[in-house]
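Here's the letter readout for the chains.
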Amino acid sequence: MSKKIAANSNQPGVDVKKLRNKKLTSTEFMQVWFHYDKDRSGFLEYTEFSQFMKDLFLKKNPTDISAEQVEKYTAEVIHIMDTYDENRDGRFEMNELAKALKIEDNYLNKIINKKSIKDKHIQSILLHYNSNVNNTIEGAELNALVGDIARHFNLQFKLSTIVAGVECVKGIIGAESLGEDSLRLILDKDKLGQVKTAMEK
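Computed from a predicted structure; not experimentally measured. (Residues numbered from 1 in each chain as written. Predicted model: local features only at pLDDT ≥ 70, side-chain atom pairs only at ≥ 80, totals over all residues. Heavy atoms only, no water.)

Caption draft 1: Fine view of the confidence of the model for the protein. Mean pLDDT for the protein: 84, with 85% of residues reaching 70 or above. Put simply, helix H3 (residues 67–84) is where the protein has its lowest mean pLDDT, 79, and helix H8 (residues 159–173) is where it has its highest, 97. (pLDDT = per-residue confidence, 0-100. Helix = DSSP H or I, 4+ residues; strand = E, 2+ residues; numbered from the N terminus.)

Set out below in structure tokens:
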């Protein structure tokens, strides 16, 4: 039985209206994914994606929604599904939704390949992925970091890959979250190799 990533109650909620018309950070993308993938299936079914689109485009009060808005929203859902559901199975895999929502360029790419990773690089990574300003990377933030490691190595960007990577990271550091020292450890080339191997299986 495959392991599933549980939601982290310490993570902030998702205000999807703030995500409109912008590229998402990796952390924002993971927050969206785990908020709407209610059953942790690794897919966003039509109803789950439809709820996301409704939250994104429509007003909170149903009485404020006009027939024209509903029609526009429905057409947009169908258009996005038709455009980005590459295997035409009526649901989104993680990589398909990433293309639909436009994630930012991989932040780790500019750091992982450096000859030496300095304290300033560790601090910049913590600042970039840490959404609740507690100086640790956990929950959706850790999923985002591992997802970017997967993208860096051109691995499949899907839930099972990230689950395997997260479990490997936690095994290496012996904890549920990353601080400065454990982040530095994970970015060691040998440890990155271990994470990459775990995600390739």
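The discussion continues.
Caption draft 2: Spotlight on the nonpolar core. Phe29 and Ile125 are the most contacted members of the largest nonpolar core, which totals 56 residues. Setting aside residues up to four positions removed in sequence, Ile125 forms contacts with Tyr107, Leu108, Ile111, Ile137, Leu145, Leu183 and Leu187. (Core = buried A, V, L, I, M, F, W, Y, C linked by side-chain atoms within 4.5 Å. Buried < 20%, exposed > 50% of the residue type's maximum accessible area, 1.4 Å probe, protein only. Contact = heavy atoms within 4.5 Å.)

Caption draft 3: Representation of unusual backbone geometry in the model. In the Ramachandran plot, Lys102 falls in the positive-phi region, its phi being about 65° despite a non-glycine side chain. One can find Lys102 in the loop between helix H4 (94–101) and helix H5 (109–112). Despite not being glycine, Asn154 has its phi angle at roughly 55°, a positive value. With respect to the helices and strands, Asn154 occurs in the loop between helix H7 (140–152) and H8.

Caption draft 4: Layout of the packing of H8 against helix H10 (residues 189–200). Contact pair H8 / H10: the axes reach a minimum separation of 8 Å and the direction vectors enclose 145°. Crossing of H8 over H10 shows right-handed handedness. Side by side, H8 and H10 meet where Thr161, Ala164, Gly165, Cys168, Val169 and Ile172 of the first sit next to Lys191, Gln194, Val195, Ala198 and Met199 of the second. Split by residue class, the contact of H8 with H10 holds seven nonpolar, three polar and one charged. (Axes fitted to C-alpha atoms, helices over the stretch in contact; angles between N-to-C directions. Left-handed = near helix turned anticlockwise from the far one by under 90°. Nonpolar A, V, L, I, M, F, W, Y, C, P; charged D, E, K, R; others polar.)

Caption draft 5: Local environment of empty space enclosed by the protein. Following the criterion strictly, the structure yields one cavity of 30 Å³ or more and no others. Lining the largest cavity, in full, are Ser26, Phe29, Met30, Ile103, Asn143, Ala144, Gly147, Asp148, Arg151 and Phe157. Looking at the lining of the largest cavity, the elements with two or more residues in it are helix H1 (26–36) and H7. The dominant element in the lining of the largest cavity, judged by the number of residues it contributes, is H7, at five residues. The class makeup of the residues in the lining of the largest cavity is five nonpolar, three polar and two charged. (1 Å grid on protein atoms, 1.4 Å probe; cavity = no way out; pocket = protein on both sides within 12 Å on 5 of 7 lines; lining within 4 Å. Points joined across faces, edges and corners; volume = space filled by probe spheres on them.)

Caption draft 6: Looking closely at H10. In this model, H10 (twelve residues) spans 16 Å end to end at C-alpha, consistent with the 16 Å of a helix rising 1.5 Å per residue. Among the residues of H10, those classed as buried are Leu192, Val195, Ala198 and Met199. Projected down its long axis, H10 shows its buried positions confined to an angular sector of 120°, all on one face. Projecting away from the buried face of H10 at angles above 90 degrees are the exposed residues Lys189 and Asp190. Looking at the buried side of H10, the elements it contacts are H5, H7, H8 and helix H9 (180–186). Between the side-chain oxygen at the start of H10 and the backbone nitrogen of Asp190 there is a gap of 3.0 Å, and the oxygen is on Asp188. (Expected span 1.5 Å × (residues − 1). Arc of directions from axis to C-beta. Polar contact = N/O pair within 3.5 Å; in protein donor to acceptor, adjacent residues only side chain to side chain.)

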